[in-house]
Amino acid sequence: MVNKPETIYTIDMIIQKILDEEKQYDLSKIISSYEFAAKAHANQFRSSGEPYITHPLAVAYILLEFGMDTDTVCAALLHDVVEDTDVTLDEIKKLFGQDVAMLVDGVTKLGKIPLFTKEEQQAENVRKILLAMSQDIRVIIIKLCDRLHNMRTLCYRPAAKQRNTALETMNIYAPIAHRLGMKTLKDEIEDLAFRYLDPYAYSEIEKMLQIRSDKREAFIESIKKQISERFLEAGFEKVPQIEGRVKSVYGIYKKAFMQGKDFDEIYDKYAVRIIVDTVFECYNALGIIHDMFRPIPNRFKDYIATPKANMYQSLHTTVIGREGIPFEVQIRTWDMHHTAEYGIAAHWKYKEGISGKDKLEGRLAWIRQIIEAQQETDDVEEIVRTIKSDLSPEDIFAFTPKGDMITLPVGATIIDFAYAIHTEVGNKMKGAKVDGKLVSLDYQLTTGEIVEILTSSDPNHGPNRAWLDICKTNEAKSKIRSWFKKERREENIAQGKAELEKEFKRNFIRIPEEELSSFLADDMKRHNCSKIEDFYAAIGYGGVILSRMMQRLKDKYQKYYAEPENAEQKNQNAVRKSSSGVIVEGQSNIIVKFAQCCNPLPGDDIVGFITKGHGVSVHKKDCPTYVNAMKNGTEPERWINVRWANSTSNAPTFRVTLDIVAKENILIIADITKLMAELHIPLTNISVNMLKNGNANVFATINTAGVSQLNNIIARIKKLPDVLSVDRSVKQ
Ligand code: MN
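Anyway, here's the lowdown on the structure attached to this text.

Each value, and the rule that gives it
- Residues numbered from 1 in each chain as written.
- Predicted model: local features only at pLDDT ≥ 70, side-chain atom pairs only at ≥ 80, totals over all residues.
- Heavy atoms only, no water.
- Donors = N, O, S within 2.8 Å, 3.2 Å for Na, K, Ca; no water.
- Helix = DSSP H or I, 4+ residues; strand = E, 2+ residues; numbered from the N terminus.
- Buried < 20%, exposed > 50% of the residue type's maximum accessible area, 1.4 Å probe, protein only.
- Pairing = 2+ DSSP bridges.
- Axes fitted to C-alpha atoms, helices over the stretch in contact; angles between N-to-C directions.
- Contact = heavy atoms within 4.5 Å.
- Expected span 1.5 Å × (residues − 1).
- Arc of directions from axis to C-beta.

### Observations regarding the coordination of the manganese ion
1) Next: The coordination sphere of the manganese ion, as far as protein atoms go, consists of H55 (NE2), H79 (NE2), D80 (OD) and D146 (OD), spread over 2.2 to 2.6 Å.
2) Next: Counting along the primary sequence, the residues that act as donors to the manganese ion give the motif H-x23-H-D-x65-D. Of this pair, H55 sits in helix 3 (residues 54-65) while D146 sits in helix 8 (residues 137-152), and the two are 91 residues apart along the sequence. Both residues of the pair, H55 and D146, belong to the buried class.

### Quick look at the sheet that holds strand 11 (residues 451-455)
1) Next: One open sheet accounts for three strands, arranged 10-9-11; its pairing is antiparallel. Two strands bound the open sheet, and with one partner strand each, they are strand 10 (437-439) and strand 11. Going across the sheet, the axis of each strand differs from the next one's by a mean of 35°, ignoring polarity.
2) Next: Bridge count for strand 9 (residues 429-434) against strand 10 is three bridges, and the pairing is antiparallel. Each residue of the ladder has a partner; that of K433, found in strand 10, is L438.
3) Next: The sheet strands contacting helix 19 (residues 414-421) are strand 9, strand 10 and strand 11, and the helix crosses strand 11 at an angle near 80°.

### Considering the sheet that holds strand 16 (residues 639-640)
1) Next: The four strands lie next to each other as 13-15-14-16, forming an open sheet whose pairing is mixed. A strand with exactly one partner marks an edge of an open sheet, and here the two such strands are strand 13 (592-594) and strand 16.
2) Next: With three bridges connecting them, strand 13 and strand 15 (residues 616-620) associate as parallel partners. Pairing of F594 across the sheet is with V618, part of strand 15.

### Digging into helix 31 (residues 707-718)
1) Next: With twelve residues, helix 31 ought to run about 16 Å at 1.5 Å a step, and its terminal C-alpha atoms sit 16 Å apart, in line with that.
2) Next: Of the residues making up helix 31, those classed as buried are L710, I713, I714 and I717. Down the axis of helix 31, the buried side of the element spans an arc of 100°, and every buried residue falls inside it.

Following this line, the structure appears as structure tokens:
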């Protein structure tokens with residue numbers, strides 16, 4: 001699947017696909033979107049060497065396969081023009097309307113969100129993704145298809161990029177696809193990502209699957225034959241669709257490694273799926289299956305009566321065939337099948353788009369809940385955990401005394417149940433009865449139980465801090481925290497202060513009271529606290545989790561406060577640095593001396609050479625030692641940027657590595673080096689790797705004054721002959 005050369009999509013394929021569909025499309029709007037995008041992307045190329053337009057075409061084609069509407073297909077064709085070309089959103093709005101412009105804007109914004117960059121930004125970025133999703137779900141569907149095509153063509157990207165993209169796919173996009181019920185897409189991006197993250201395990205599993213495929217197919221065929229004969233006898237008008245099912249490679253990996261199961265146990269687990277027309281036929285079919293084969297107790301699950309959180313519906317049962325081999329049977333209607341495969345996208349493919357608004361609203365409620373829960377924390381790990389944990393397919397279903405169903409994750413307690421009904425019910429809860437019996441607060445609910453929450457009429461009654469450790473859902477946690485945040489500020493400050501003091505004591509940190517704010521400044525800023533009281537309060541209600549920042553604080557304490565001899569050493573270094581008057585980029589404590597050969601003076605253009613064990617020696621840039629070293633290419637990595645400490649001339653300050661892909665060209669390094677010299681941009685390192693497809697991948701590290709200058713540099717590099725793409729590299 002992955003090694004196969006990727007299809008190159010053309011507009012003719014799109015047109016043919018549209019003509020084959022029963023659905024009505026505005027063909028001329030789609031064609032003019034294509035023509036507009038093709039013109040805007042003219043002269044741009046993918047890393048694979050194909051014209052850039054093949055990518056938007058591929059995304060549009062995938063969206064057509066999902067049955068998405070005209071505007072979504074147009075937006076897919078246009079999804080990269082605002083980002084990568086001179087076209088503005090206003091132009092798109094004028095030409096293709098408000099809806100298309102809104103979708104393009106949403107996808108462009110999502111594309112600008114770096115998911116695994118600076119820790120502090122991640123929370124904000126994940127929040128932006130969810131917000132964009134809650135505004136128009138088509139935005140994330142386009143983004144997921146964009147990611148799918150990028151994953152299919154990931155082999156053309158540099159190795160460092162592959163890993164990051166794969167991680168991002170696994171951690172963020174696959175869970176979102178799962179939550180939206182888009183199983184086919186989720187399985188594919190997960191398998192593709194897995195292949196880059198653990199290539200060895202991937203090929204191992206793939207090999208095993210191939211070896212056993214004959215045996216599996218023979219077994220499935222015989223089961224299919226038995227079932228269809230029996231169905232005809234039982235009076236079904238037509239033979240239902242019966243198909244064998246193969247698990248995804250990553251699905252097998254997860255089962256094997258995460259649940260510690262034996263490979264054989266998983267490989268030899270056969271599964272068939274029966275698709276019928278009505279719900280009545282589902283149960284009828286189940287009866288026949290249980291009559292034909294012996295059902296394994298406790299393996300029957302009715303996801304028709306109680307659908308999963310992502311709206312998945314089916315009957316599941318495991319039975320033992322005549323040969324003594326157990327196999328799983330899934331039974332569902334066509335409607336349920338479409339939802340199981342395409343999830344939310346099935347609304348466009350098989351129904352009338354978003355018209356079924358109520359159902360859709362229900363599906364999107366979880367997005368809003370996560371966004372709300374996130375207002376309470378800036379901790380990235382926490383947010384990513386929220387997305388993942390709230391996505392767990394293992395749900396339980398409990399009921400209110402009136403029979404309303406509440407869906408909760410496994411392990412949820414009556415506290416979670418109370419908060420799931422309503423915030424006020426949770427805040428006023430004093431206990432609960434399960435199936436008529438009083439239970440303790442940490443009672444874990446199971447499917448089918450009827451839960452009656454007992455509330456207090458005392459207006460001062462509120463939750464207890466200990467509940468935070470008992471409850472399971474992020475929803476309940478964030479509601480409890482927010483109650484404490486609002487209702488108990490004084491108490492929070494006292495509690496937070498006490499907790500901080502205790503932690504400091506435990507870690508032997510002693511900071512004078514008046515220096516505390518400056519010592520904690522970074523963490524306070526991270527949590528938007530301007531006063532130390534706010535920070536205490538945040539610790540008190542649980543918005544700031546101390547244990548997560550202690551290591552950092554300990555390091556900081558060691559550095560600035562701990563031992564007096566360290567402080568002395570620090571002073572000496574400062575003197576040494578200022579006495580030389582030279583700043584070595586990226587190094588604060590390093591010995592600097594001046595080279596005898598050229599004896600540079602302040603104001604001269606200078607460059608540093610990393611000596612073996614004697615720090616950095618500074619040469620003039622026109623010193624023959626340096627000029628010759630550059631000419632001969634001897635040890636270029638030991639030459640580094642230095643500058644005079646007091647030079648106020650707009651000194652470059654940021655080091656950036658550019659990741660450049662170009663067609664094979666032996667002069668590419670020379671071109672880039674020459675361009676940097678022309679632009680007076682210090683180039684500190686440059687290297688080139690040949691990619692498998694023959695393209696050259698250049699990593700050039702430069703110093704730049706800032707983003708606007710950087711963008712200018714990138715634009716200039718893009719204009720060099722044979723350059724295909726230029727990106728900021730994640731590799732430093
Ligand atoms: Mn794209």
